[in-house]
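Here's the letter readout for the chains.
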Amino acid sequence: MSARAGLSIQRWTPLSAASVAALAALALALAFGPLFLGANAVDRLTTLFIYVVLAVMWNALAGYGGLVSVGQQAFFGLGAYAAIRLSSFGLPVYPALVLGGAFAGLVALALSSFALRLRGGEFAIGMWVLAELFHLLVNLDRLINGETGTSLIALNAFGPEARRNYNYWLALAVMAALVALVFSLLRGRLGSSVQAIRDSEEAAASLGVRVLAAKRVLFVVAGAGCGLAGTLTLATAVSFQPATYFGVQWTAYMIFMALVGGLGTFEGPIIGAIVFFVLESVFGASGVWYLVGLGATAVVFALYLPRGLWGTLEQRFGIRLLPVGYRVTTRRRAPAAPSPR
Amino acid sequence: MIWLNQVIQGVMLGGYYALIACGLSFMFGVMRIINLAHGDLAILAAFLVWAIVDRSGMSPFLALALVLPLMGALGWLMQRAMLERSLRSGVLVPLLTTFGLAIVIQNLLFLQFGADTRSLAPAIGDLAFESWSIGSRIYIGHLAGLTFLVAVLMLGALQLLLTHTPLGRSIRAIAEDPDTAELVGIDSRRVYAAAAAIAVMTVAVGGTFLAMRATFGPYAGPAQLIFAFEAVVIGGLGSMWGTLAGGIVLGVAQNLGAQIAPNGFLIAGHAVFLLVLGARLARQRLKGTP
């Protein structure tokens, strides 16, 4: 039918297939990074990977699911806390770091029935309140020493060099796995469902989309992803102060990266994370003015460039490097290939 | 007796929460948006009042009278320059813009005033510590009583404004249906801007009372936003007297929590907020609304 109308649905372009292959090759090449990069570069790249994870998670929630959370630091902090707890029970430290992230995902699952029924601003600040509550509850654990915090002492079993490289590989693996997971989820049935929900929940429900189930998948993935970002940060910083890990600034960074890169585009948050990383490297030393600049930039983008850097480019030039959507193209000649399926 | 005292102190604290929350409630009722810079605007007003008092030695109440029109103008400007553009684009853009604004305000305050915490308590003399005694064990501070009274007056004034003035009628019409309101000749841009100006002026009053009753610093805004939001949600979004009830529930829960354990103050407050939200959702499900 589509062939007769001269229309076809396009899910890949040669350019996008090439860019996915290039990205996979880049990830593979980065795996050899510690062999030829200096210590400082390895450290900085680890941070960048964590930023990419955070940005992609927040974008999956808000840009695709329409779930604007100001409380993702809840999972960031819980992941780090769980890693410390698990390690104190005698679990080897790197498995504890991974399981810490999984724990944050479990908490997201437990919260989802409640949290996902909240609407708009109620959800946004409700999540923030949950983050505050978790912060206070974590402080009750004597292991943490209140706001003084503690350290992931088990990491001392590794020398600085080995630890740096392991952190790098873990961060790279987590980033690659989560980006690939979100990419395949959004390309599949879930992607269409959540975007329909984002645009109109009632209409989506009336078409048979299982609203809560679709949102829950994103919420749990984002919870686990932010939890892993928290444990990775713990792995690089070693020390754990509850106020830092449960601070709303993490969500501020996520919002900035996703917004500047392009909310609701797949490539956007990755670009936003790189922009944020560069800005931080260049201006981070100027302290408070840097934060003023971040806030002001976020306002300007929200008002004047709501599609972000990538979304604007994408709209103008019609490029899609990592396509998660469907694109209808008209063809001059009837396609030679048989209709799909 | 100790428990009764905590309840009474909690009610008085609830007056403060209602005071800081009424602007948030008002703005949500009219524009259906939540201003994430709400707490930071309160702190900005507190710093302005503090700076005037510090330079001139005048009464904080007089200084507040000077700051009020300034904050009103700021609210007007914020609406015209920022929120107006984002109102029709759903819930996402207003949340993002006001969140960005919050970060800007906090850090500019830090640049201007530094990290020191300040208070207006030294500037109000006896009012800061005098109290009435009820029986032998229960005392109500003059300032707490005044705060509660001002909260009631302000909520009453906002309620009267909504029900008995032409501006109030326009506001309610727009809250109901902006397109139809435009059709019958209401200039929604001006009405929104006026509502924002009023809301930010009430925030200035809240911020000043915060500065008189406690200490504050440049990053104290988000905590005030959370308390205000909790009071608004517990009381029911958009209802003025509900906000007072919500503030009281929050204040009582916090004080009872503090009586149980030293760090129970905040935990009990957040817990009661989540319980109320959860109960409301459960009731909606029982009624069958999705």
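These numbers were taken from a predicted model, which means no experiment stands behind them.

We now examine the overall build of chain B. Across its full length, chain B carries eleven helices and two strands. Each helix (α) and strand (β) of chain B, taken in turn from the N terminus, gives the series α-α-α-α-β-β-α-α-α-α-α-α-α. Over its C-alpha trace chain B gives a radius of gyration of 19 Å, about what one expects of a compact globule, namely 19 Å for 290 residues. With the C-alpha coordinates of chain B rotated into their principal frame, the extents come out at 60 × 55 × 35 Å.

Here we come to the interface of chain A and chain B. On the chain B side, the residues contacting the 33 residues of chain A number 33 residues. Broken down by secondary-structure element, the contributors of at least two residues to the side of chain A that touches chain B are helix H6 (120–140), helix H12 (249–261) and helix H14 (288–304) of chain A. At twelve residues, the largest contribution of residues to the side of chain A that touches chain B is made by H6(A). The class makeup of the residues in the side of chain A that touches chain B is 25 nonpolar, five polar and three charged.

Glancing now at helix H10 (residues 211–237) of chain A. Along an α-helix, residues three or four apart share an orientation, since each turn contains 3.6 residues. Residue and element names in this part refer to chain A. Helix length check: H10 (27 residues) gives 39 Å between terminal C-alpha atoms against 39 Å at 1.5 Å per residue, within 8%. The buried count for H10 comes to 20 of 27 residues, which makes it a mostly enclosed element. Where H10 ends, the next residue or the one after it, Val238, has phi of about 70°, a positive value.

Before going further, it helps to spend a moment on the pairing of strand E2 (residues 138–141) of chain B. Residue and element names in this part refer to chain B. Pairing geometry for strand E1 (residues 131–134) and E2, over four bridges, is antiparallel. Across the sheet, the residue bridging to Ser133 is Tyr139, located in E2. The hairpin turn running from E1 into E2, its antiparallel successor, is three residues long, and Gly135 in that turn takes a positive phi close to 65°.

Put simply, chain A has an average pLDDT of 85, and 93% of its residues get 70 or more. Taken element by element, chain A is modelled with least confidence in strand E4 (residues 327–330) of chain A, mean pLDDT 66, and with most confidence in helix H4 (residues 73–88) of chain A, mean pLDDT 93.

A few words on helix H3 (residues 60–86) of chain B. Where H3(B) bends most, the angle comes to about 40°, and this point is Gln79(B). Those residues of H3(B) that fall on the buried side of the exposure criterion are Pro60(B), Ala63(B), Leu64(B), Val67(B), Met71(B), Leu74(B), Gly75(B), Met78(B), Gln79(B), Met82(B), Leu83(B) and Ser86(B). Where the residues of H3(B) are buried, they touch H14 of chain A together with helix H2 (38–56), helix H4 (92–113) and helix H8 (188–213) of chain B.

Our next topic: the nonpolar core. Of all hydrophobic cores here, the largest spans 208 residues; its most connected members are Val53(A), Leu54(A), Ala55(A), Met257(A), Ala45(B), Val49(B) and Ala195(B). A total of 16 residues in this core trace back to one element, the largest contributor, which is H8(B). In contact with Ala55(A), not counting residues within four places along its chain, are Met254(A), Met257(A), Ala258(A), Gly261(A), Pro269(A), Ile270(A), Gly272(A) and Ala273(A).

Thresholds applied
Residues numbered from 1 in each chain as written. Chains lettered and ligands numbered in written order. Predicted model: local features only at pLDDT ≥ 70, side-chain atom pairs only at ≥ 80, totals over all residues. Helix = DSSP H or I, 4+ residues; strand = E, 2+ residues; numbered from the N terminus. Rg over C-alpha atoms; globule rule 2.2 N^0.38 Å. Contact = placed C-beta atoms within 7 Å. Nonpolar A, V, L, I, M, F, W, Y, C, P; charged D, E, K, R; others polar. Expected span 1.5 Å × (residues − 1). Buried ≥ 20, exposed ≤ 12 C-beta atoms within 10 Å, placed from the backbone. Pairing = 2+ DSSP bridges. pLDDT = per-residue confidence, 0-100. Bend = angle between axes of the 7 residues up to and from the residue. Core = buried A, V, L, I, M, F, W, Y, C linked by C-beta atoms within 7 Å.

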